[in-house]
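Residue-level structure breakdown
The primary structure of each chain is shown beneath.
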Amino acid sequence: AWTWEHMALSRARVVFSDGGLGDRIHGVISDALNASRDKQKLVDDVWDMRGRIEKDRQAKSVWDLKLAVGGVIDLEFIVQFAQLAYGDQLAVPQAPPQTVFTRLAETGLLPEALELKEIHAEFTAVLQLMSACLNEPLKVESWSEGFKELLIRVTHFPSLDALETDLKDKKQRVRALMEQFIVV
């Protein structure tokens, strides 16, 4: 299978099963994720995929925390790369990003992983709030004062400008750590 297919498998979850089917499915997925692979090819494939996304689906604003360089996709690529490159050391196949970040820190593979865990949680919370409250979340000019106040209150920032600056800084930090971690 292609690298991107294995990366997608790292997100697979058995929702319901009967008669041990879930355990068998989990076993097959775990075997696929823990298979030995050429690390250079894995690195090249991850950066190629990220480059394609950056080219074809550019972030629409600073608030596009999913597609932005240093955004949620980069965070998830770090997690998925880790599961494929270091699955035997992490021992958390098919785990959510928060669990993988914890294991990356615990194993010393990426000491800054707890920082990434916090950033992932913040980005996800902002995206969920935007999606729940807004029809067009990336059109800042259409945000009501009430939504802006809610966003500031939920994120514990003194102003929207301060939050925006923080998000920019964190995206830069995520990309720097991604470039540091996903190498041969």
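Structural notes, computed from the coordinates. Given the structure is predicted, the values throughout are model-derived calculations rather than measurements.

Focus on unusual backbone geometry
- One non-glycine residue, Ala91, lies in the positive phi region at around 55 degrees.
- Inspection of the secondary structure puts Ala91 in the loop between helix H4 (72-90) and helix H5 (97-107).
- Unlike most non-glycine residues, His156 shows phi in positive territory, near 65 degrees.
- Among the structural elements, His156 can be located in the loop between helix H7 (145-155) and helix H8 (160-181).

Some thoughts on helix H3 (residues 39-56)
- Helix length check: H3 (18 residues) gives 26 Å between terminal C-alpha atoms against 26 Å at 1.5 Å per residue, within 8%.
- Among all positions in H3, only Leu42, Val43, Asp45, Val46, Met49 and Arg50 are buried. Each buried residue of H3 lies within a common arc of 165 degrees when the element is viewed along its axis, so the set occupies one face. Turned more than 90 degrees off the buried face of H3, the exposed positions are Arg52, Lys55 and Asp56.
- Near the N-terminus of H3, the side chain that reaches the backbone nitrogen of Gln40, with its oxygen 3.0 Å away, is that of Asp38.

What about the packing of aromatic side chains?
- Counted by the stated rule, this structure contains six aromatic pairs.
- Measuring from centroid to centroid gives 5.0 Å for Trp63 and Trp143, while their planes differ by 65 degrees, and the two rings are edge-to-face. Here Trp63, found in the loop between H3 and H4, pairs with Trp143, found in the loop between helix H6 (113-133) and H7; they are 80 residues apart in sequence, far enough to count as distant.
- Overall, the relative accessible area of 1% leaves Trp63 in the buried class.
- A ring pair is formed by Trp143 and Phe147, whose centres lie 5.1 Å apart and whose planes are at 75 degrees; its orientation type is edge-to-face.

Details of the side chain of Ser10
- For Ser10, the location among the structural elements is in the loop between helix H1 (3-9) and helix H2 (21-34).
- Judged by its relative accessible area of 1%, Ser10 is buried.
- Those residues in contact with Ser10 that sit more than four places away from it in its chain are Leu33, Gln80, Gln83, Gln94 and Ala95.

Points about the environment of Val43
- Its place among the elements puts Val43 in helix H3.
- For Val43, a relative accessible area of 7% translates into the label buried.
- Along the backbone, Val43 and Val183 are 140 residues apart, and their C-alpha atoms lie at a distance of 6.0 Å.
- Filtering out sequence-adjacent residues up to four positions away, Val43 remains in contact with Phe81, Ile182, Val183 and Val184.

Observations regarding the nonpolar core
- Core analysis: the largest hydrophobic core is formed by 48 residues, its most contacted members being Trp63, Leu104, Leu116, Leu151 and Phe181.
- Sorting elements by how many residues they give to this core places H4 first, with eleven residues.
- Not counting the four nearest positions on each side in its chain, Leu116 is found in contact with Leu75, Ile78, Phe101, Leu110, Val174 and Leu177.

Looking at the packing of H3 against H8
- At their nearest, the axes of H3 and H8 sit 12 Å apart, and the two run at 150 degrees to each other. When the axes of H3 and H8 are compared, the pair comes out roughly antiparallel. Only Arg175, Met178 and Glu179 of H8 make contact with H3, whose side of the interface consists of Trp47, Arg50 and Glu54.
- For the contact of H3 with H8, the per-class residue count stands at two nonpolar, no polar and four charged.

What counts as what
Residues numbered from 1 in each chain as written. Predicted model: local features only at pLDDT ≥ 70, side-chain atom pairs only at ≥ 80, totals over all residues. Heavy atoms only, no water. Helix = DSSP H or I, 4+ residues; strand = E, 2+ residues; numbered from the N terminus. Expected span 1.5 Å × (residues − 1). Buried < 20%, exposed > 50% of the residue type's maximum accessible area, 1.4 Å probe, protein only. Arc of directions from axis to C-beta. Polar contact = N/O pair within 3.5 Å; in protein donor to acceptor, adjacent residues only side chain to side chain. Phe/Tyr/Trp six-rings, centres within 6.5 Å; stacked < 30°, edge-to-face > 60°. Contact = heavy atoms within 4.5 Å. Core = buried A, V, L, I, M, F, W, Y, C linked by side-chain atoms within 4.5 Å. Axes fitted to C-alpha atoms, helices over the stretch in contact; angles between N-to-C directions. Parallel < 35°, antiparallel > 145°, perpendicular 65-115°, else oblique. Nonpolar A, V, L, I, M, F, W, Y, C, P; charged D, E, K, R; others polar.

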